[in-house]
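# What the coordinates show
These are the residues of each chain, in order.
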Amino acid sequence: MKKRKYQNVVAMHFREHSSIYLFVVVLFLMGVIFGAIIVNSLSFTQKEDLFYYLSQFFGQVSDGKVAASKDLFYQSFFHNSKFVGLMWVLGVSIIGLPITLILLFMKGMVVGFTVGFLVNQMGWEGFVLSFVSVLPQNLLVIPVFIIGATLSVAFSLKMIRRQFMKKQGQPIMPLLGGYVAAFLAALVFIAIAAAIEAYISPLLMKTIVESVHS
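Residues numbered from 1 in each chain as written. Predicted model: local features only at pLDDT ≥ 70, side-chain atom pairs only at ≥ 80, totals over all residues. Heavy atoms only, no water.

A volume near 890 Å³ is recorded for the second largest pocket. At the level of secondary structure, the elements contributing two or more residues to the lining of the second largest pocket comprise helix H1 (2–16), helix H7 (135–164) and helix H8 (172–213). Here the residues of the lining of the second largest pocket sort into 23 nonpolar, 5 polar and 2 charged. (1 Å grid on protein atoms, 1.4 Å probe; cavity = no way out; pocket = protein on both sides within 12 Å on 5 of 7 lines; lining within 4 Å. Points joined across faces, edges and corners; volume = space filled by probe spheres on them. Helix = DSSP H or I, 4+ residues; strand = E, 2+ residues; numbered from the N terminus. Nonpolar A, V, L, I, M, F, W, Y, C, P; charged D, E, K, R; others polar.)

Structure (structure tokens):
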């Protein structure tokens, strides 16, 4: 019964905010596309400089000289937690609505640029490398960011309606409680993604880099 109840709540949530989800997903994908386009607008010298640093990093990966997994975990967790925390604060502050959307667009742009640059410089090998270095943790991180941005936007819109349109609707405390719970749950998924990025992705990258250089 409890499982069915939670399924109904989740289904109702997605139905209620389907238009916001659609907008947020399209915005993120636009960021990815824009990031990939930026790669093609770089000059030859800029690409060479970036690829030089990338080659240095791959050399360190191959030699096992990357940061300790524990340090990578904390770095990834705190970086993504700050991102989600900022979206949470922006949602509560109302005026942060456009900034939330800009942040999500920029996140998409970073992903698009990273994958686009690897593919542009290394072809098929770059695609495989991006598949093992970017994709695993982002399978969790990106949905968390999309859901987080949607909740932030939805909460902001509800607050705007309450403040400026004098529509009471649902009491604020249960809304705020659900909002806080959702972002605490997001931190759990971010921790799992950080563990993947710290302990699994480096091993996969080392395997691919060694096979490329062999």
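With that settled, the discussion passes to the side chain of Asn138. Position of Asn138 relative to the elements: it lies in helix H7. There is a polar contact of 2.7 Å between the side chain of Asn138 and the backbone oxygen of Val134. Excluding residues that lie within four positions of it along the chain, Asn138 makes contacts with Lys107 and Pro143. (Polar contact = N/O pair within 3.5 Å; in protein donor to acceptor, adjacent residues only side chain to side chain. Contact = heavy atoms within 4.5 Å.)

Looking now at the packing of aromatic side chains. Going through the model one piece at a time under the given rule, you end up with 11 aromatic pairs. Relative to Phe77, the ring of Phe73 lies with its centre 6.1 Å away and its plane at 5°, an arrangement referred to as stacked. Taken together, the residues span about one helical turn, with Phe73 and Phe77 both in helix H4 (residues 69–93) at a distance of 4 residues. Centroid distance Phe83 to Phe145: 4.4 Å. Interplanar angle 40°. Geometry classified as tilted. One end of the pair, Phe83, is in helix H4; the other, Phe145, is in helix H7, and 62 residues separate them in sequence. (Phe/Tyr/Trp six-rings, centres within 6.5 Å; stacked < 30°, edge-to-face > 60°.)

A grouping of Val119, Trp124, Phe127, Phe131, Leu135 and Leu139 is seen on the molecular surface, where their side chains present a nonpolar patch of about 620 Å² in accessible area. Of all the secondary structure elements, the ones that give two or more residues to the nonpolar patch are helix H6 (124–133) and H7. Counting residues per element, the nonpolar patch draws most heavily on H6, at 3 residues. Examined against the element boundaries, Leu139 turns out to sit in helix H7. (Patch = residues over 30% accessible without salt bridge, like charges linked within 9 Å, V, L, I, M, F, W, Y side chains within 5 Å. Areas by Shrake-Rupley, 256 points an atom, 1.4 Å probe, with all protein chains shown as cover. Salt bridge = Lys/Arg side-chain N within 4 Å of Asp/Glu carboxyl O.)

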